[in-house]
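The lines below spell out each chain.
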Amino acid sequence: QQQVKQSPQSLIVQKGGISIINCAYENTAFDYFPWYQQFPGKGPALLIAIRPDVSEKKEGRFTISFNKSAKQFSLHIMDSQPGDSATYFCAASNPGGGADGLTFGKGTHLIIQP
Amino acid sequence: GAGVSQSPSNKVTEKGKDVELRCDPISGHTALYWYRQSLGQGLEFLIYFQGNSAPDKSGLPSDRFSAERTGGSVSTLTIQRTQQEDSAVYLCASSLGQKDSPLHFGNGTRLTVT
C-alpha cells in the first residue's frame, strides 16, 4: 500500500529530446506528489510537485502529468539538456505527514547525451 | 542562506569500529530526517525527529544504529560495531515540519567500512 513504483531504472536521451519518467502508486490516500533531483555527490533537491486536484503542472521545461484514476504520475523534461543528467526520485505523501507519510520511488538515473 | 551541513563528507573505518555522523539542519527547521543511500539505490528511511516528540525510529535496520538530536538542532547518527554492509551514503534532511514542507538535504556522508 505504501509503495511507489518508479520506471525506468535508467534512461538515456539525446540532447533536445523529451525525457519521461513514470511512477505508480496504490494508496489512494496519497495527496501530494513531489519530484526530487539529485546530482552526483549532492543530496536530492525538490524539483517540482503536484496535488491530485490538477492533472498537470508545468515549471519551465519540467512538467508533471497526473492521472488520478490510473494512480499514475509522470515527469516530462522537454528539450532535455546535458545539465539535466541526474537521478530523479518521485515521491508520494499521505495526509498523516511525518517520515512514514513520505514514500520515495527507487529513482531513475537519467543521462542526456550531447 | 546556509543549507543542511553534514560532516564528515567521507569516512573510512575498519569493520567493528563505531562511527558518528553529524548533521546541522537549517536554522528554524523542526523536522530532521536520516536516510541511507546505497550505491545506485534509492533512499532508505532511517529515523525522523519532529520538534520535541519522540523520534520515529521505525527505519533503523538494527540495534547497532542510533541517533539523537540535541536541543532540537544538531543530530548525530551513531553506528556501533560497523559492518561492511553499512557502507553507503548517509543523508540528512530537514524541513519546516509542516505537512508537505519540502525536504532540504545535505550532501551526505560517504561511509566506507573496510
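Look a little higher up for the structure.
Residues numbered from 1 in each chain as written. Chains lettered and ligands numbered in written order. Predicted model: local features only at pLDDT ≥ 70, side-chain atom pairs only at ≥ 80, totals over all residues. Heavy atoms only, no water.

1. What to know about the overall build of chain A
Logical step 1: If you tally the helices and strands in chain A, you get 0 helices and 11 strands.
Logical step 2: Counting helices and strands in the order they occur from the N terminus, chain A gives β-β-β-β-β-β-β-β-β-β-β.
Logical step 3: Since a compact globule built from 114 residues should have a radius of gyration of about 13 Å, the 14 Å found for chain A is in line with a globular shape.
Logical step 4: When the backbone C-alpha atoms are referred to their principal axes, chain A occupies close to 40 × 30 × 20 Å.
Logical step 5: For chain A, with 114 residues in total, the buried portion stands at 46%.
Logical step 6: Contacts in chain A between residues at least 24 apart in sequence constitute 55% of all its contacts with a sequence separation of at least 6.
Logical step 7: Carbon and sulfur atoms make up 51% of the accessible area of chain A, which amounts to about 5,500 Å² in all.
Logical step 8: Across chain A, the mean location of the 10 positive side-chain charges is 4 Å away from that of the 8 negative side-chain charges. (Helix = DSSP H or I, 4+ residues; strand = E, 2+ residues; numbered from the N terminus. Rg over C-alpha atoms; globule rule 2.2 N^0.38 Å. Buried < 20%, exposed > 50% of the residue type's maximum accessible area, 1.4 Å probe, protein only. Contact = heavy atoms within 4.5 Å. Areas by Shrake-Rupley, 256 points an atom, 1.4 Å probe, with all protein chains shown as cover. Lys, Arg positive; Asp, Glu negative; His and termini not counted. Charge placed at Lys NZ, Arg CZ, Asp CG, Glu CD.)

2. What to know about the nonpolar core
Residues and elements named next belong to chain A.
Logical step 1: If you look at the biggest cluster of nonpolar residues, it comprises 24 residues, and the most contacted ones within it are V4, F33, W35, F73, L75, Y88 and L110.
Logical step 2: Among the secondary structure elements, those contributing two or more residues to this core are β2 (10-14), β3 (19-25), β4 (33-38), β5 (45-50), β7 (62-67), β8 (72-77), β9 (86-93) and β11 (108-113).
Logical step 3: In terms of residue count, the dominant contributor to this core is β9 (4 residues).
Logical step 4: L110 has contacts with L11, V13, S19, I77, D84, S85, A86 and Y88, leaving out every residue within four places of it along the chain. (Core = buried A, V, L, I, M, F, W, Y, C linked by side-chain atoms within 4.5 Å.)

3. Side note on the interface of chain B and chain A
Logical step 1: The interface is formed by 17 residues belonging to chain B together with 21 residues belonging to chain A.
Logical step 2: In this structure, the salt-bridge partner of B:D100 is A:R51, at a minimum N-O distance of 2.7 Å.
Logical step 3: There are 9 residue pairs in polar contact (both at pLDDT 80 or more) connecting chain B and chain A.
Logical step 4: No other element matches the 3 residues that strand β4 (residues 31-37) of chain B contributes to the side of chain B that touches chain A.
Logical step 5: Here the residues of the side of chain B that touches chain A are counted per class, giving 9 nonpolar, 5 polar and 3 charged. (Salt bridge = Lys/Arg side-chain N within 4 Å of Asp/Glu carboxyl O. Polar contact = N/O pair within 3.5 Å; in protein donor to acceptor, adjacent residues only side chain to side chain. Nonpolar A, V, L, I, M, F, W, Y, C, P; charged D, E, K, R; others polar.)

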